[in-house]
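# Summary of structural features
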Amino acid sequence: MRINIVCVGKIKEKYLKLGIDEFKKRLSKYCKLEIIELEDEKAPENLSDKEMLMIKEKEGKKILSKIKDNSYVIALAIDGKNLSSEELAETINKLGVRGISNITFVIGGSLGLSDEVLSRADYKLSFSKMTFPHQLMRLILLEQVYRAYRINNGEPYHK
Ligand SMILES: C[S@@+](CC[C@H](N)C(=O)[O-])C[C@H]1O[C@@H](n2cnc3c(N)ncnc32)[C@H](O)[C@@H]1O
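Taking an unreviewed UniProt entry as the reference, the protein is identified by name as Ribosomal RNA large subunit methyltransferase H belonging to Intestinibacter bartlettii. Per its UniProt entry, the protein bears the Subcellular location (unreviewed entry) comment "Cytoplasm".

Dropping the structure here:
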C-alpha cells in the first residue's frame, strides 16, 4: 500500500520533527510512505472572511494538484466522522482488499481545508471535536497509521 500525506505548512518544532521521523522509520516496514509538504500561504491575523476563503482555495488547488486520480482520499476534518484505531485499521485493510493501493490523507493549514478538497475526499476523518495544530496533527496521524498496521498484523503495541 502507498500512503501519502499531503499537508500544508512546514514542521518548525524540533520535537515534532523527531517524532515524525521516528514514525516514518517505523512505517517503512509496512507501507510506502510519502509526505508531501506544501508551502502555506501567508495568513496575517486581520484577514477578512473573503481573504481567508481565497487563501484556503489557493492552498486547496495546490493540495488537489498533488492527489492522484486513483487515490482514495481521507481528509482530516474536525467535523468529519470519528473512528476507533481498530476501525481505521479495518478501513485500511478493506481498501487493500478492494484493490485500492493508494491512500492519501490530507491535513489542512491554519485556516483549514477548502470545500473543493473536502468534496474530493472519499472520507472525512475527525480525531475529535478539538482543534489540533496542523503540525501536531501530522505526528498524531502517523502514529495512528502505524498503530493500524500493528493491529492489522496482529502485532503487540501499547494498549
Ligand atoms: C489548525 S487546524 C485548522 C482549523 C480550522 N479552523 C478548521 O476548522 O479546519 C489545521 C488542520 O489540522 C487538521 N485537524 C485539526 N484538528 C483536527 C481534528 N480534531 N480532527 C481532524 N483533523 C484535524 C485539519 O486537517 C485542519 O485543516
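## Side note on the overall build of the protein
For the protein, the count of helices and strands is five helices and five strands. Moving toward the C terminus, one meets the helices and strands of the protein in the order β-α-β-α-β-α-β-α-β-α. Its C-alpha radius of gyration of 16 Å places the protein within 12% of the 15 Å reference for a compact globule of 159 residues. For the protein, the share of sequence-separated contacts (at least 6 apart) that also reach a separation of at least 24 residues comes to 86%. As presented, the protein carries roughly 9,500 Å² of accessible surface, and 51% of it is formed by carbon and sulfur atoms. With 28 positive and 23 negative side-chain charges, the protein shows a separation of 5 Å between the mean positions of the two kinds.

## Digging into the site of the ligand
Near the ligand there are 19 residues, and of these Leu 76, Phe 127, Ser 128, Met 130 and Phe 132 occur at the shortest range. Within the backbone of Leu 76, a nitrogen or oxygen atom sits 2.6 Å from an oxygen atom of the ligand. Separating a nitrogen atom of the ligand from a backbone N or O atom of Ser 128 is a distance of 2.9 Å. Relative to its unbound accessible area of 570 Å², the ligand is 81% covered by the protein chains. For the shell around the ligand, the secondary structure elements donating two or more residues are strand S3 (72–82), strand S5 (123–126) and helix H5 (134–152). Sorting elements by how many residues they give to the shell around the ligand places S3 first, with three residues.

## Thoughts on the nonpolar core
The biggest cluster of nonpolar side chains holds 31 residues, and the ones touching the most others in it are Phe 105 and Tyr 149. Every element with two or more residues in this core is listed here: strand S1 (2–8), helix H1 (14–27), S3, helix H3 (85–97), strand S4 (102–107), S5 and H5. The contact partners of Tyr 149, leaving out residues within four places of it in the chain, are Met 1, Ile 3, Leu 27, Tyr 30, Cys 31 and Ile 92. With 14 residues, the next largest nonpolar core counts Ile 36, Leu 38, Val 73 and Leu 113 among its residues.

## Some details on the packing of aromatic side chains
Summed over the entire model, instances satisfying the criterion amount to four aromatic pairs. Here Tyr 30 and Tyr 149 contribute two aromatic rings whose centre-to-centre distance is 5.7 Å and whose plane-to-plane angle is 20°, an arrangement assigned as stacked. Residue Tyr 30 is found in the loop between H1 and strand S2 (32–38), and its partner Tyr 149 is found in helix H5; the two are separated by 119 residues along the sequence. Taking the relative accessible area as the measure of exposure, Tyr 149 reaches 8% and is therefore buried. On the numbers, 5.1 Å between centres and 85° between planes, the contact of Tyr 146 with Tyr 157 is edge-to-face. In this pair, Tyr 146 sits in helix H5 while Tyr 157 sits in the segment after H5, placing the two residues eleven residues apart along the sequence. By relative accessible area, Tyr 146 is classed as buried at 6%. Clustering of aromatic rings is evident, with ring pairs tying together Phe 23, Tyr 30, Tyr 146, Tyr 149 and Tyr 157.

## Section: the pairing of S2
Where S1 lies against S2, seven bridges are found, and the strand directions are parallel. Along S2, the bridge assignment pairs Val 8 with Leu 38. Regarding topology, H1 serves as the crossover connection from S1 to the parallel S2, and that connection is right-handed.

Criteria and cut-off values
Residues numbered from 1 in each chain as written. Predicted model: local features only at pLDDT ≥ 70, side-chain atom pairs only at ≥ 80, totals over all residues. Heavy atoms only, no water. UniProt positions renumbered as here; feature names shortened; annotations may be inferred. Helix = DSSP H or I, 4+ residues; strand = E, 2+ residues; numbered from the N terminus. Rg over C-alpha atoms; globule rule 2.2 N^0.38 Å. Contact = heavy atoms within 4.5 Å. Areas by Shrake-Rupley, 256 points an atom, 1.4 Å probe, with all protein chains shown as cover. Lys, Arg positive; Asp, Glu negative; His and termini not counted. Charge placed at Lys NZ, Arg CZ, Asp CG, Glu CD. Near = heavy atom within 4 Å. Polar contact = N/O pair within 3.5 Å; in protein donor to acceptor, adjacent residues only side chain to side chain. Core = buried A, V, L, I, M, F, W, Y, C linked by side-chain atoms within 4.5 Å. Buried < 20%, exposed > 50% of the residue type's maximum accessible area, 1.4 Å probe, protein only. Phe/Tyr/Trp six-rings, centres within 6.5 Å; stacked < 30°, edge-to-face > 60°. Pairing = 2+ DSSP bridges. Right-handed = clockwise from strand over helix to strand, strands pointing away.

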